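Architecture at a glance
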Amino acid sequence: MVFGIDNQEVFRTTFSNSPCESTYCLYQSYPNTYFRQNVPKSGATQTNLPGLCLFGASNNYSTRYSISKIVEHSNPNARIYMNSDLIAENSPDPVCDESWSISKIEIAALTLN
């Protein structure tokens, strides 16, 4: 996931819901910026959400995170963007394999004197 304002990248991270096995673990970056060094679901606020698609009937396959950033910005206008580089070419259903959503976005402007 990438978050930025205007042409400045503010935060880049990855998430993983994969279970860790003794021989394999798909690590995630969050709560840090990009480089996968944390076990899946690190820093999550809720981890027992039901899955989607193939895992739709199973709990613990979707995870909720809360991300809060304070960014200095002085222009009267701002272009805020959030996107991802998700490409699951090896998956039979790439949309379900690499899906995510955003909710409850809050933007506050603070004036410092």
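Our structure is the block above this text.
Okay, so let's go over this structure. (Residues numbered from 1 in each chain as written. Predicted model: local features only at pLDDT ≥ 70, side-chain atom pairs only at ≥ 80, totals over all residues. Heavy atoms only, no water.)

For the rest of this paragraph, the subject is the overall build of the protein. Looking only at helices and strands, the protein has one helix and five strands in total. Each helix and strand of the protein, ordered N terminal to C terminal, gives the series β-β-β-β-β-α. In the protein, buried positions account for 22% of the 113 residues. Contacts in the protein between residues far apart in sequence, at least 24 positions, make up 32% of those at least 6 positions apart. Approximately 8900 Å² of the protein is accessible, and the part contributed by carbon and sulfur atoms is 49%. Separation of charge centres in the protein, based on 7 positive and 10 negative side chains, amounts to 6 Å. (Helix = DSSP H or I, 4+ residues; strand = E, 2+ residues; numbered from the N terminus. Buried < 20%, exposed > 50% of the residue type's maximum accessible area, 1.4 Å probe, protein only. Contact = heavy atoms within 4.5 Å. Areas by Shrake-Rupley, 256 points an atom, 1.4 Å probe, with all protein chains shown as cover. Lys, Arg positive; Asp, Glu negative; His and termini not counted. Charge placed at Lys NZ, Arg CZ, Asp CG, Glu CD.)

Attention now moves to the sheet that holds strand E5 (residues 80-83). The three strands lie next to each other as E2-E1-E5, forming an open sheet whose pairing is antiparallel. If you trace the sheet from one side to the other, it starts and ends with strand E2 (8-12) and E5, each paired once. Each strand of the sheet is rotated relative to its neighbour by a mean of 20°, with strand direction disregarded. Bridge analysis of strand E1 (residues 2-5) against E2 gives four bridges, and the strand direction is antiparallel. Within the sheet, the bridge partner assigned to Ile5 lies in E2 and is Gln8. (Pairing = 2+ DSSP bridges. Axes fitted to C-alpha atoms, helices over the stretch in contact; angles between N-to-C directions.)

Let's shift gears to the pairing of E1. Of the two faces of E1, the one holding Val2 and Gly4 and the one holding Phe3 and Ile5 are both buried throughout. The hairpin formed by E1 and E2 contains two residues between the paired strands, and Asp6 there has a positive phi angle of roughly 55°. Judged from the four bridges that link them, E1 and E5 form a sheet pairing that is antiparallel. Within E5, the residue paired with Gly4 across the bridge is Tyr81.

Attention now goes to the side chain of Asn38. Within the secondary structure, Asn38 sits in the loop between E2 and strand E3 (46-50). Side-chain polar atoms of Asn38 contact the backbone oxygen of Tyr30, separated by 3.3 Å. Apart from the residues lying within four places of it in its own chain, the contact partners of Asn38 are Tyr27, Gln28, Ser29, Tyr30, Pro31 and Asn32. (Polar contact = N/O pair within 3.5 Å; in protein donor to acceptor, adjacent residues only side chain to side chain.)

What follows covers the pattern of salt bridges. In this structure the tally under the stated criterion is one salt bridge. Of the charged contacts, one joins Arg12 and Glu9 as a salt bridge, the two residues approaching to 2.8 Å between their closest N and O atoms. On the basis of relative accessible area, Glu9 is assigned to the partly exposed category, the value being 40%. (Salt bridge = Lys/Arg side-chain N within 4 Å of Asp/Glu carboxyl O.)

A full pass over the atoms with the stated rule returns one disulfide. Cys20 shares a disulfide with Cys25; S-S distance 1.8 Å. When its relative accessible area of 38% is taken as the criterion, Cys20 is described as partly exposed. (Disulfide = S-S within 2.5 Å.)

What the rule picks out here adds up to four aromatic pairs. A ring pair is formed by Phe15 and Tyr30, whose centres lie 5.3 Å apart and whose planes are at 35°; its orientation type is tilted. Here Tyr30 lies in the loop between E2 and E3 and Phe15 lies in the loop between E2 and E3, a separation of 15 residues in the sequence. Looking at Tyr30, the relative accessible area reads 7%, which means it is buried. (Phe/Tyr/Trp six-rings, centres within 6.5 Å; stacked < 30°, edge-to-face > 60°.)

What is shown is where atoms sit, not what they do.
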